[in-house]
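A look at the structure
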Amino acid sequence: MSTEVSAPAKGGIWRQSRTFEPAVRLLFLNQLTINLGFYMLMPYLAAHLADGLGMAAWAVGLVLGVRNLSQQGMFLVGGALADRLGFKPLIVAGCALRTAGFGALAFAQSLPVLVAASVATGLAGALFNPAVRAYLAAEAGERRVEAFALFNTYYQAGILLGPLVGVALTGVSFRLTCVVAAVLFAVLTLVQLRHLPVRGKPAEAVEERGQFRTVLTNRTFWLFSLAMTGSYVLSFQVYLALPLAADGTAATTALFVVSALVALAGQLRITAWCARRLSRERCLVLGLVLMGAAFLPPVAVPGLGGLLLCAAALAVANAVLYPYEMDTVVALSGGRWVATHYGLYNTVCGIGITLGNLGTGALLDMTGWSATPWLVLCGVGLVCAGAVGLLGRGGRLSADAAPAAVPDSRA
């Protein structure tokens, strides 16, 4: 049985955002600010460590690596805590912790302090990411798909604006960039502390035991997570294969700008088109097919043109996928421990990205910039599309196939 999704409301980003409750609009602002602060700083951290502080390459890799490890490795814990303590406390705590982490990066000189600050920034993401998505899903109700489509536009806007602000600030000093990013997160923390309503499931409102057992034994959810991991590997090539092939800062910047602009301009239109014509399962399959096909332009069109087409096509594919992907996680959870499901989903996909990047890097080392790596990446998308299609064909991705829901309670 396929699951139909109502079409999003018409209107521009701001007009459509105003049709949601204030809490949802604050979550949109939350994600815009989070990405603005993060992307104004993180793209320039490696250069600061290597050139500004004179650190060895292994030390730079360590500082950057522990941030990713602390975030990916703690997503499940962050989601579980959000389900137990409520969404707001984890969102506020995560933003406060990132304030401290970015503030520390502004003044850190030694490797131990830099590692500690990097761990703090990663752990912060693990705390607020599952909580934000679970809060948004609960608050949007039947308009989840529309809410996640809007959420992605604010997400992409932050990615677009962050590096532009960061390059201007870093031209003055990297310390200034860190301080401004920390101030942004501090203001966001205070705004949410005061204006974000308390939402979530307090421990006394649900069963005390079985949280991890419920999530970890959800076989369909595991299969869906594994199938979708390939989409994250493919999306991450905007950070790996495409920049390496572009070979230059200006070309790499063009890839990110094109990707963000396509997402901003097309997300709501694409979601509305999909909602009118396709079920959730077919949207997922279509998105994965498009994601695989995105790697054909570099084979057919040489040079930067093919890479820009690839980046644009990946953005379109992600616009098709993201709202329905997030909606499917909620459906498969059956309304039980939603943040924990999001946490585990992010962890599985994070591990997949790491393994996928190792495989992609090894493939590039062996074959160079021939057609082979692009065709292999295309094949990954098609295989994932086939796997999700099989799950959808059996009705396993519908809400009816998920565990029984537990009524939401508000503290």
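Criteria and thresholds
Residues numbered from 1 in each chain as written. Predicted model: local features only at pLDDT ≥ 70, side-chain atom pairs only at ≥ 80, totals over all residues. Heavy atoms only, no water. Helix = DSSP H or I, 4+ residues; strand = E, 2+ residues; numbered from the N terminus. Buried < 20%, exposed > 50% of the residue type's maximum accessible area, 1.4 Å probe, protein only. Contact = heavy atoms within 4.5 Å. Areas by Shrake-Rupley, 256 points an atom, 1.4 Å probe, with all protein chains shown as cover. Lys, Arg positive; Asp, Glu negative; His and termini not counted. Charge placed at Lys NZ, Arg CZ, Asp CG, Glu CD. Phe/Tyr/Trp six-rings, centres within 6.5 Å; stacked < 30°, edge-to-face > 60°. Axes fitted to C-alpha atoms, helices over the stretch in contact; angles between N-to-C directions. Parallel < 35°, antiparallel > 145°, perpendicular 65-115°, else oblique. Left-handed = near helix turned anticlockwise from the far one by under 90°. Nonpolar A, V, L, I, M, F, W, Y, C, P; charged D, E, K, R; others polar. Expected span 1.5 Å × (residues − 1). Arc of directions from axis to C-beta. Disulfide = S-S within 2.5 Å. Patch = residues over 30% accessible without salt bridge, like charges linked within 9 Å, V, L, I, M, F, W, Y side chains within 5 Å. Salt bridge = Lys/Arg side-chain N within 4 Å of Asp/Glu carboxyl O.

**Examining the overall build of the chain**
If you tally the helices and strands in the chain, you get 17 helices and 0 strands. Dimensions of the chain, computed from the C-alpha atoms along their principal axes, are close to 55 × 50 × 40 Å. Each of the 411 residues in the chain was classed as buried or not, and the buried ones make up 55%. Taking the intrachain contacts of the chain between residues at least 6 apart in sequence as the baseline, contacts between residues at least 24 apart amount to 86%. On the chain, roughly 16,700 Å² of surface is accessible, and the fraction owed to carbon and sulfur atoms is 67%. Counting 27 positive and 17 negative side-chain charges, the chain places the centres of these two groups 4 Å from one another.

**Some details on the packing of aromatic side chains**
Inspection of every chain in the model, using the stated rule, returns 12 aromatic pairs. Ring centres 6.1 Å apart and planes at 75° place the aromatic pair tyrosine 232 and tyrosine 345 in the edge-to-face group. With a gap of 113 residues between them, tyrosine 232 in helix 10 (residues 219-235) and tyrosine 345 in helix 16 (residues 338-367) connect regions that are remote in the sequence. Overall, the relative accessible area of 22% leaves tyrosine 232 in the partly exposed class. Classification of tyrosine 345 by relative accessible area gives buried; the value is 0%. On the numbers, 6.3 Å between centres and 20° between planes, the contact of phenylalanine 295 with tryptophan 374 is stacked. With phenylalanine 295 in the loop between helix 13 (280-293) and helix 14 (297-300) and tryptophan 374 in helix 17 (residues 372-393), the pair connects residues that are 79 residues apart, well separated along the chain. According to the relative accessible area criterion, phenylalanine 295 is buried, its value standing at 0%. With relative accessibility at 5%, the residue tryptophan 374 sits in the buried group. Put simply, the rings of Phe221, Phe224, Tyr232 and Tyr345 touch in pairs and so form one group of aromatic residues.

**Examining the packing of helix 5 (residues 87-107) against helix 8 (residues 174-195)**
Contact pair helix 5 / helix 8: the axes reach a minimum separation of 8 Å and the direction vectors enclose 160°. Taken together, helix 5 and helix 8 sit at an angle that is classed as roughly antiparallel. As helix 5 runs across helix 8, the sense of the crossing is left-handed. Taking contact as the criterion, the partners of Lys88, Ile91, Val92, Cys95, Ala96, Arg98, Thr99, Phe102, Gly103, Leu105, Ala106 and Phe107 in helix 5 are, on helix 8, Arg175, Cys178, Val179, Ala181, Ala182, Phe185, Ala186, Leu188, Thr189, Gln192 and Leu193. Taken together, the residues of the contact of helix 5 with helix 8 break down into 16 nonpolar, 4 polar and 3 charged.

**Quick look at helix 8**
At 3.6 residues per turn, the α-helix brings residues three or four places apart onto the same side. The end-to-end C-alpha distance of helix 8 is 32 Å, a good match for the 32 Å that 22 residues give at a rise of 1.5 Å each. Of the residues making up helix 8, those classed as buried are Phe174, Thr177, Cys178, Ala181, Ala182, Phe185, Leu188, Thr189 and Gln192. The buried residues of helix 8 occupy an angular sector of 130° when projected down its axis, which confines them to one face. Those residues of helix 8 that are exposed and aimed more than 90 degrees away from the buried face are Leu190, Arg194 and His195. Buried residues belonging to helix 8 abut helix 2 (22-39), helix 3 (45-52), helix 5, helix 6 (111-140) and helix 7 (144-172).

**A word on the environment of leucine 377**
Its place among the elements puts leucine 377 in helix 17. Distance in space between the C-alpha atoms of leucine 377 and valine 338 is 31 Å, their sequence separation being 39 residues. Beyond its immediate chain neighbours, meaning those up to four positions away, leucine 377 contacts Leu234, Gln237, Gly292, Phe295 and Thr360.

**Comments concerning the packing of helix 15 (residues 304-333) against helix 16**
Between helix 15 and helix 16, the least distance of the axes is 9 Å, while the angle of their chain directions is 125°. Taken together, the axes of helix 15 and helix 16 lie oblique to each other. The handedness of the crossing between helix 15 and helix 16 is right-handed. Of the residues in helix 16, those touching helix 15 at Glu325, Met326, Val329, Val330 and Ser333 are Val338, His341, Tyr342 and Tyr345. When the residues that make up the contact of helix 15 with helix 16 are grouped by side-chain class, the tally is 6 nonpolar, 2 polar and 1 charged.

**Here we look at the state of the cysteines**
For the structure shown, the criterion picks out 0 disulfides. Free of any disulfide, cysteine 378 has its nearest neighbouring cysteine sulfur in cysteine 310, separated by 10 Å. Assessed through its relative accessible area of 9%, cysteine 378 is described here as buried.

**Observations concerning unusual backbone geometry**
In this structure, tryptophan 337 is a non-glycine residue whose phi angle is positive, near 50°. Inspection of the secondary structure puts tryptophan 337 in the loop between helix 15 and helix 16.

**Regarding a nonpolar patch on the surface**
A surface patch of nonpolar side chains, about 310 Å² in accessible area, is lined by Met74, Val77, Leu81 and Leu85. Locating leucine 81 in the fold gives a position in helix 4 (residues 57-85).

**Focus on the pattern of salt bridges**
Scanning all chains against the criterion turns up 3 salt bridges. When the shortest N-O distance is used, the salt bridge between glutamate 146 and arginine 143 registers 2.8 Å. Here arginine 280 and aspartate 327 are joined by a salt bridge, their closest N and O atoms 2.9 Å apart. A residue pair is termed long-range when its members are at least 10 positions apart, and arginine 280 in helix 13 and aspartate 327 in helix 15 qualify at 47 residues. Where salt bridges share partners, they join Arg144, Arg280 and Asp327 into one cluster.

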